[in-house]
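A closer look at the structure
Below are the chains, spelled out letter by letter.
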Amino acid sequence: MIKVAVFGYGTVGSGVVDVIDDNNELISKRIGDDICVKYILDIREFPGDRNESKIVHDVNVILDDPEVSIICETMGGTKFAYPYTKSALEKGKSVCTSNKELVAAYGPELLETAKSNNCSYLFEASVGGGIPIIRPMNTSLAPEHIEKIIGILNGTTNYMLTKMAREGSNYDDVLKEAQDKGYAERNPEADVEGYDACRKIAILSSLMTGKTVNYENIYTEGITKLTALDFEYAAKLDRSIKLLAIAEDKDGKLAAMVAPFMIGREHPLNGVNDVFNAIYVTGNKVDDVMFYGKGAGMLPTASAVVSDVVECARNMGRNISFAWSDEKAPLADFKDNERSFFVRIKQNAKDEAKEMFADAKEIEGVSGEYAFVTAKMSEREFDDKIVKLSDVINIIRIEE
Ligand code: HSE
């Protein structure tokens, strides 16, 4: 019998217990052994909950129980998750996590601890919710030199952007709806400011390069400046607005960034709406592959955690390895990237703008505004020009 403990009985943690219970027979068959949840660690009480008897408040009850071989860490944050995960791995217990904060901050160290203790640290649910992407990156795409990853990696913001585009809804209402549906992080700042997507692309970039890409070094812009008018302009340009996380190999250096982009209707990520995420990966031999599914929500994320549990159960007593060292990946300056930019300025700066961006394409705008799409130029060249322009209302990058 495989005995599992769950750290954190929140949205994802309770989903993990449900997936293991509801699909118990088929999971057991696939593992070749029976499986059950023995403990659930949480500081709270859950009177009347069907798993009330499994709740413990002291992590040592779990760490000291030799019967527990696999732990699902769904606590979030790093303050408690880091020491608890480290101690579990040191005791030879495998840990399966949905915690991208912890993976992005301590991934290589925890992978090394797992290796030294013949157990595993798996993190399928840390990127893309229910989408299988970590295991494919580590196994199916292992022969590939990955040239580029473009991801819609945050379910909350994709849900919000879809609603704003389809219904002209305002930002605060759609944020509240996303929170009510359980997609948003407790602190919505992590979603709407792009920090969550940034951590996820840092994890994918690390797997892409085999070295550590520090999330703090990734240029990140969120969706908070977008308004209903931006979506009207996007519709005129036959484009949608998506929060993209991009990692690209530039002559051996990694260029990564997170920002809202306008993408064309024919772009493979254009049809990715609502809480869905997608990761579009280009390898040097396989060419383009795309992974699609629900990027947030209780059961999709819990299913990804349990997929790791199955993998650990099939590999008891041995380490599932990842090529991710703590050596820092060399980074390219994202300002060297070339692209076009959609720009909105106040009408009074029109002449100045026309002179500065001579090749720009004018977009029919609203009264009092002048809007245009620039010719392709580097981020640096664009920045140098735009700082000199007065009365800029908004800028959105364009991904071809
Ligand atoms: N808040 C995250 C999202 C949850 O919306 O994508 C899944 O990581």
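This one's a predicted model, so the numbers in the text were calculated from it and none came from an experiment.

A short note on the pairing of strand β12 (residues 287-294)
Relative to β12, strand β11 (residues 276-283) is paired through eight bridges, and the arrangement is antiparallel. Counterpart to N277 in the pairing with β12 is G293. Between the antiparallel neighbours β11 and β12 lie three residues.

So, the side chain of R344
Structurally, the position occupied by R344 is in strand β13 (residues 338-346). Here R344 falls in the buried class, since its relative accessible area comes to 4%. In this view, R344 contacts T227, L229, D230, Y233, E369, Y370, A371, V392, I393 and N394; residues no more than four positions away in its chain are not counted.

A closer look at the domain arrangement of the protein
For the protein, the domain assignment lists domain 1 (2-129 + 298-314), domain 2 (137-294) and domain 3 (334-399). Using C-alpha coordinates to define each centre, domain 2 is positioned 23 Å away from domain 3. Between domain 2 and domain 3, the residue contacts involve 27 residues of the former and 19 residues of the latter. Interface of domain 2 and domain 3: buried area, both sides summed, is about 1,800 Å²; carbon and sulfur atoms make up 61% of it. A per-residue breakdown of the area domain 2 buries against domain 3 is headed by Y233, L237 and M262, which together make up 31% of the total. Between domain 2 and domain 3 we count three salt bridges in total. We note a salt bridge from D230 to R344, for which the minimum N-O separation is 2.7 Å. Inspection of the domain 2/domain 3 interface yields 11 residue pairs in polar contact (both at pLDDT 80 or more). Take the side of domain 2 that touches domain 3: its biggest share by element is nine residues, from strand β10 (residues 253-264). Tallied by class, residues from the side of domain 2 that touches domain 3 come to 17 nonpolar, three polar and seven charged.

Some points on the environment of I396
If you trace the backbone, I396 turns up in strand β17 (residues 392-399). A sequence separation of 134 residues divides I396 from M262, and the C-alpha atoms of the two residues are 6.7 Å apart. Among residues more than four places away in sequence, those in contact with I396 are L226, D230, I241, P260, F261, M262, F341 and F342.

Some words on helix α10 (residues 195-209)
Taking 1.5 Å per residue, 15 residues should reach 21 Å; α10 reaches 21 Å between its end C-alpha atoms and fits that length. The element α10 is extensively covered by neighbouring structure, given that 13 of its 15 residues are classed as buried. Phi for G210, located one or two positions after α10, is positive at around 80 degrees.

Procedures and definitions
Residues numbered from 1 in each chain as written. Predicted model: local features only at pLDDT ≥ 70, side-chain atom pairs only at ≥ 80, totals over all residues. Heavy atoms only, no water. Pairing = 2+ DSSP bridges. Helix = DSSP H or I, 4+ residues; strand = E, 2+ residues; numbered from the N terminus. Buried < 20%, exposed > 50% of the residue type's maximum accessible area, 1.4 Å probe, protein only. Contact = heavy atoms within 4.5 Å. Domains from an automatic or database assignment. Buried area = accessible area lost by both parts, 1.4 Å probe. Salt bridge = Lys/Arg side-chain N within 4 Å of Asp/Glu carboxyl O. Polar contact = N/O pair within 3.5 Å; in protein donor to acceptor, adjacent residues only side chain to side chain. Nonpolar A, V, L, I, M, F, W, Y, C, P; charged D, E, K, R; others polar. Expected span 1.5 Å × (residues − 1).

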